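# Residue-level structure breakdown
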Amino acid sequence: MSLQTLDRTQWSYAEALAHVQNVTIARRATEAARLSQKTETTHGEWRPPQDPLEKWKSEAQKELLVALRDGDLLAQGRFTETRTGWAQGLESGFGLHSGYHTSIRPEQWREGQYSPYYDRLTARDWEFIETRMPRFLVKAIWPDYVPEVVHPADGAEAPPYTTPYLELMQAAIAHFGISPGNQGKKECLMDWFLEQKIEGAPVSNKLADAMATLIRLPSAQRGGAKRVLGPDLRYTG
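Residues numbered from 1 in each chain as written. Predicted model: local features only at pLDDT ≥ 70, side-chain atom pairs only at ≥ 80, totals over all residues. Heavy atoms only, no water.

## Quick look at the layout of surface pockets
To find the voids left in a structure, one rolls a probe of water-molecule size over its atoms. In this structure, the second largest pocket encloses a volume near 370 Å³. Listed by contribution, the elements that provide at least two residues to the lining of the second largest pocket are helix H1 (13-38), helix H4 (135-141), helix H5 (164-176) and helix H6 (186-194). For the lining of the second largest pocket, the leading source of residues is H1, giving four residues. (1 Å grid on protein atoms, 1.4 Å probe; cavity = no way out; pocket = protein on both sides within 12 Å on 5 of 7 lines; lining within 4 Å. Points joined across faces, edges and corners; volume = space filled by probe spheres on them. Helix = DSSP H or I, 4+ residues; strand = E, 2+ residues; numbered from the N terminus.)

Laid out in structure tokens, this is it:
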């Protein structure tokens, strides 16, 4: 990759974590769906565990921190060694951070304690704030999740017919966790489709709009309360 085309976009820790969580949730949701299809029970259909999202989000956060501590993912922050007081409440006890971002070494991630809420990595004698990392590195380790297409073994029944368009829409459903109770915003779906490619070609605005429409329920397109039909109580004489 040349310097002219190098993706220099920086993600904050929160942005990187959100991406890793989305990828992890999509992957785990697909695995859970496959497991449910293979699980046989005598008490009706299989029910997924209650609210697995928090577990998957915690798993994603751990993966991100391990990558930083092992040096697989590089990050920068504004450094200081200046103490302005004692750590108390919302105060870390450090101040006068540099106005420039410098690299955070893996051993510093292992030595310090990171606070996602305040976005600071604090050790006994130093602190980093405003952590950021290259987007392309995050996506290299956690690429956008696309469900694997399983090919049948020799002699097995052929899988149902599909197309790259259908596969991309299924990937979007898994990525955003689309369900009857979670339809997502059409604008967000369109933005995601526009970042994808089909057979090497970018998705057009018209196609992104169509796919974002088709993966949502018709009632989600109309908005508003559903009309409930009942008996006609008007007096007819």
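## Remarks on the pattern of salt bridges
Applying the stated criterion across every chain, the model contains nine salt bridges. Here arginine 27 ties to glutamate 63 by a salt bridge, and the two come within 3.7 Å at their closest N and O atoms. Of this pair, arginine 27 sits in helix H1 while glutamate 63 sits in helix H2 (residues 53-70), placing them 36 residues apart in sequence. A salt bridge links glutamate 107 to arginine 105; the nearest nitrogen and oxygen atoms lie 2.8 Å apart. The exposure class assigned to arginine 105 is partly exposed, which follows from its relative accessible area of 45%. Connected via shared salt-bridge partners are Arg27, Arg28, Glu31, Glu59 and Glu63. (Salt bridge = Lys/Arg side-chain N within 4 Å of Asp/Glu carboxyl O. Buried < 20%, exposed > 50% of the residue type's maximum accessible area, 1.4 Å probe, protein only.)

## So, the packing of H6 against helix H7 (residues 205-214)
Running from amino to carboxyl end, H6 crosses H7 at an angle of 130°, the nearest separation of the two axes being 9 Å. Judged by the angle between their axes, H6 and H7 are oblique. Pair H6 / H7 crosses with right-handed handedness. Facing H6, whose interface residues are Lys186, Leu189, Met190, Phe193 and Leu194, H7 presents Asn205, Ala208, Asp209, Met211, Ala212 and Thr213. (Axes fitted to C-alpha atoms, helices over the stretch in contact; angles between N-to-C directions. Parallel < 35°, antiparallel > 145°, perpendicular 65-115°, else oblique. Left-handed = near helix turned anticlockwise from the far one by under 90°. Contact = heavy atoms within 4.5 Å.)

## Overview of the packing of aromatic side chains
The tally for this structure, following the rule as stated, stands at eight aromatic pairs. Aromatic pair phenylalanine 176 and tryptophan 192: ring centres 5.9 Å apart, planes at 80°, arrangement edge-to-face. Remark: tryptophan 192 occurs in helix H6 and phenylalanine 176 occurs in helix H5; sequence separation between them is 16 residues. For phenylalanine 176, a relative accessible area of 30% corresponds to the partly exposed category. Its relative accessible area of 6% is what places tryptophan 192 among the buried residues. Pairing tryptophan 192 with phenylalanine 193 gives two aromatic rings, centres 5.4 Å apart and planes at 70°, and the pair type is edge-to-face. We classify phenylalanine 193 as buried; its relative accessible area is 0%. (Phe/Tyr/Trp six-rings, centres within 6.5 Å; stacked < 30°, edge-to-face > 60°.)

## Looking at the confidence of the model for the chain
For the chain, mean pLDDT is 82; residues scoring 70 or higher make up 78% of the total. Overall, residues 224-237 carries pLDDT values under 50, and its contacts beyond four positions in sequence, including any with other chains, amount to one contact. (pLDDT = per-residue confidence, 0-100.)

## Side note on the pairing of strand S2 (residues 75-80)
With four bridges joining them, S2 and strand S3 (residues 101-104) adopt antiparallel strand pairing. Following the sheet pairing, glutamine 76 is matched in S3 by serine 103. In the sheet, S2 pairs with strand S6 (residues 127-134) via four bridges, with the strands oriented antiparallel. By the bridge assignment for S6, threonine 80 is matched with glutamate 127. (Pairing = 2+ DSSP bridges.)

## Observations regarding the nonpolar core
One finds Tyr13, Leu64, Leu68, Leu73, Trp109, Met133 and Val138 to be the most contacted residues of the largest nonpolar core, which totals 22 residues. Of all the elements in the fold, those that place two or more residues in this core are H1, H2 and S6. The dominant element in this core, judged by the number of residues it contributes, is H2, at five residues. If we ignore the near neighbours within four places in the chain, the residues touching tyrosine 13 are Gln61, Leu64, Leu65, Leu68, Tyr114, Pro116, Asp119, Thr131 and Met133. Leu168, Met190, Trp192 and Ala212 belong to the second largest nonpolar core, which has 15 residues in total. (Core = buried A, V, L, I, M, F, W, Y, C linked by side-chain atoms within 4.5 Å.)

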